[in-house]
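# A structural walkthrough
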Amino acid sequence: MGFKVGDKVRILDGTKQEGWAFSGSMKETIGMVGKIICIDIYDPKYRVMFEEYWWDYNEEDLEKENKELKSPLDLEK
């Protein structure tokens, strides 16, 4: 798929989680949405920034966050 700097991504569960922190602290980010701030040529290659910290993830660990804003007409239904 490929991502670019600035993309908002959600952290997925059910991946190999290769290169994740041994302490398990990265598992707390599963389901969270962050922003890609850097892309490296080596795996894990995507640096994702959350509010006050960042972690590096593999492509398989991420999905693009595509929440669309509802129009005011949709809210009336």
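See the structure printed just above.
Okay, so let's go over this structure. Predicted model, so just to flag it, every value in this text is computed and none were measured.

What counts as what
Residues numbered from 1 in each chain as written. Predicted model: local features only at pLDDT ≥ 70, side-chain atom pairs only at ≥ 80, totals over all residues. Heavy atoms only, no water. Helix = DSSP H or I, 4+ residues; strand = E, 2+ residues; numbered from the N terminus. Buried < 20%, exposed > 50% of the residue type's maximum accessible area, 1.4 Å probe, protein only. Contact = heavy atoms within 4.5 Å. Phe/Tyr/Trp six-rings, centres within 6.5 Å; stacked < 30°, edge-to-face > 60°. Core = buried A, V, L, I, M, F, W, Y, C linked by side-chain atoms within 4.5 Å.

### A closer look at the overall build of the protein
Within the protein, the regular secondary structure consists of 1 helix and 5 strands. Counting across all 77 residues of the protein, residues that qualify as buried make up 25%. When contacts within the protein are restricted to residue pairs at least 6 apart in sequence, those whose partners lie at least 24 apart make up 55%.

### Looking at the packing of aromatic side chains
On inspection of all chains with the given rule, the structure shows 4 aromatic pairs. Considering the side-chain rings of Phe3 and Tyr46, the 5.4 Å spacing of their centres and the 85° angle between planes classify their relative orientation as edge-to-face. Of this pair, Phe3 sits in the segment before strand 1 (8-11) while Tyr46 is found in strand 3 (residues 46-49), placing the two residues 43 residues apart along the sequence. Assessed through its relative accessible area of 10%, Phe3 is described here as buried. Relative to Tyr57, the ring of Trp20 lies with its centre 5.5 Å away and its plane at 85°, an arrangement referred to as edge-to-face. Residue Trp20 is found in the loop between strand 1 and strand 2 (33-39), and its partner Tyr57 is found in strand 4 (residues 54-57); the two are separated by 37 residues along the sequence.

### Here's the deal with the nonpolar core
By size, the foremost hydrophobic cluster in this structure holds 11 residues: Phe3, Val9, Ile11, Trp20, Met26, Ile36, Tyr46, Val48, Phe50, Tyr57 and Leu62. Only strand 1 and strand 3 provide two or more residues apiece to this core.

### Brief notes about the side chain of Thr29
You can see Thr29 is positioned in the loop between strand 1 and strand 2. We classify Thr29 as buried; its relative accessible area is 1%. With residues up to four places along the chain from it excluded, the contact list for Thr29 reads Ile11, Phe50, Tyr53, Trp55 and Tyr57.

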